[in-house]
Amino acid sequence: MTRRTLAVVSAGLSQPSSTRLLADQLAAATRDELVRRGSEVELHVVDLREYAHDVVNNMLTGFAPAALREVIDTVTGADGLIAVTPIFSASYNGLFKSFFDVLDSESLVDRPVLIGATGGTARHSLALEHAVRPMFAYLRSVVVPTAVFAAPEDWSDGTADGALRARIRRAAGELADQIERRPPATGPADPFALTTDFLQMLGRGDGEPVN
């Protein structure tokens, strides 16, 4: 059985949080889909509100405190990522953007990502396409086609209604497809690892001895 890790980032600020609720439902649907296909899944859920001060300190000093460093390693070392933000002023909130700003710019290259958002009105749903998706495109992640937005009317007693539930399942299936196409993740990349050998650094790629 293939072991997969799934990182879930929620940038909700309130408690309880509809953003966290959506993140949990996306995570459960993706986990269930991967399990159905024969994978063993380990979920890691990150509530960014718990690391807000650490994120700011990282931006000011350039160094991540130990707790945030563990979170960063979890997110950048996962097989797939679910990222959910509340929509403020027609875009992601500042905590969401700040967290991804402190990641190494190469850390999410080719990483399958499912994006989601919550907002007070369905009119904010396009923020996923004009703000959130371009951010992950800049990071060169592979964002699945279906983005999931949830407005207050999409919930019924804390559960997704029929239309939202269908979008969640479709997005989860797309994320599972992308994860399955890749070998299991081996953890976060070593920022100090050499990407070229000594001969290449000397401008020789033929393997011949350097005089």
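Residues numbered from 1 in each chain as written. Predicted model: local features only at pLDDT ≥ 70, side-chain atom pairs only at ≥ 80, totals over all residues. Heavy atoms only, no water.

S.K.: An account of the pattern of salt bridges is requested, with residue identities and associated values reported.
M.R.: Counting across every chain of the model gives 16 salt bridges. Note that Arg4 is salt-bridged to Asp79, the shortest N-O span being 3.3 Å. Remark: Asp79 occurs in the loop between helix H3 (66–76) and strand S3 (80–88) and Arg4 occurs in strand S1 (residues 2–10); sequence separation between them is 75 residues. With respect to class, Arg4 is no different from Asp79; both count as buried. Put simply, Glu33 and Arg37 hold a salt bridge, and the shortest N to O gap is 2.8 Å. A network of salt bridges, in which partner residues are shared, links Glu33, Arg36, Arg37, Asp177 and Glu180. (Salt bridge = Lys/Arg side-chain N within 4 Å of Asp/Glu carboxyl O. Helix = DSSP H or I, 4+ residues; strand = E, 2+ residues; numbered from the N terminus. Buried < 20%, exposed > 50% of the residue type's maximum accessible area, 1.4 Å probe, protein only.)

S.K.: Please set out the nonpolar core residue by residue, giving values where relevant.
M.R.: Among the nonpolar cores identified, the biggest contains 37 residues, and Leu81, Phe96, Phe99, Phe100 and Phe136 are the most heavily contacted of them. Mapped by element, the contributors of at least two residues to this core are S1, H3, S3, helix H4 (94–101), strand S5 (112–118) and helix H5 (127–138). Once you skip the residues sitting within four places of it in the chain, Leu81 turns out to touch Leu6, Ala7, Val9, Val75, Phe100, Leu108, Pro112, Val113, Leu114, Phe136 and Leu175. Ranked by size, the runner-up nonpolar core spans 24 residues in total, among them Val8, Val84, Leu114 and Leu175. (Core = buried A, V, L, I, M, F, W, Y, C linked by side-chain atoms within 4.5 Å. Contact = heavy atoms within 4.5 Å.)

S.K.: Break down the packing of helix H2 (residues 52–61) against H3 for me, citing the residues and quoting the values.
M.R.: Running from N to C, H2 and H3 point in directions that differ by 90°, and their axes come no closer than 9 Å. One way to sum up the angle between H2 and H3 is to call them roughly perpendicular. Contacts between H2 and H3 involve Asp54, Val55 and Asn58 from the former and Ala67, Leu68 and Ile72 from the latter. In terms of residue class, the contact of H2 with H3 is made up of 4 nonpolar, 1 polar and 1 charged. (Axes fitted to C-alpha atoms, helices over the stretch in contact; angles between N-to-C directions. Parallel < 35°, antiparallel > 145°, perpendicular 65-115°, else oblique. Nonpolar A, V, L, I, M, F, W, Y, C, P; charged D, E, K, R; others polar.)

All quantities given are derived from atomic positions and should not be read as evidence of function.
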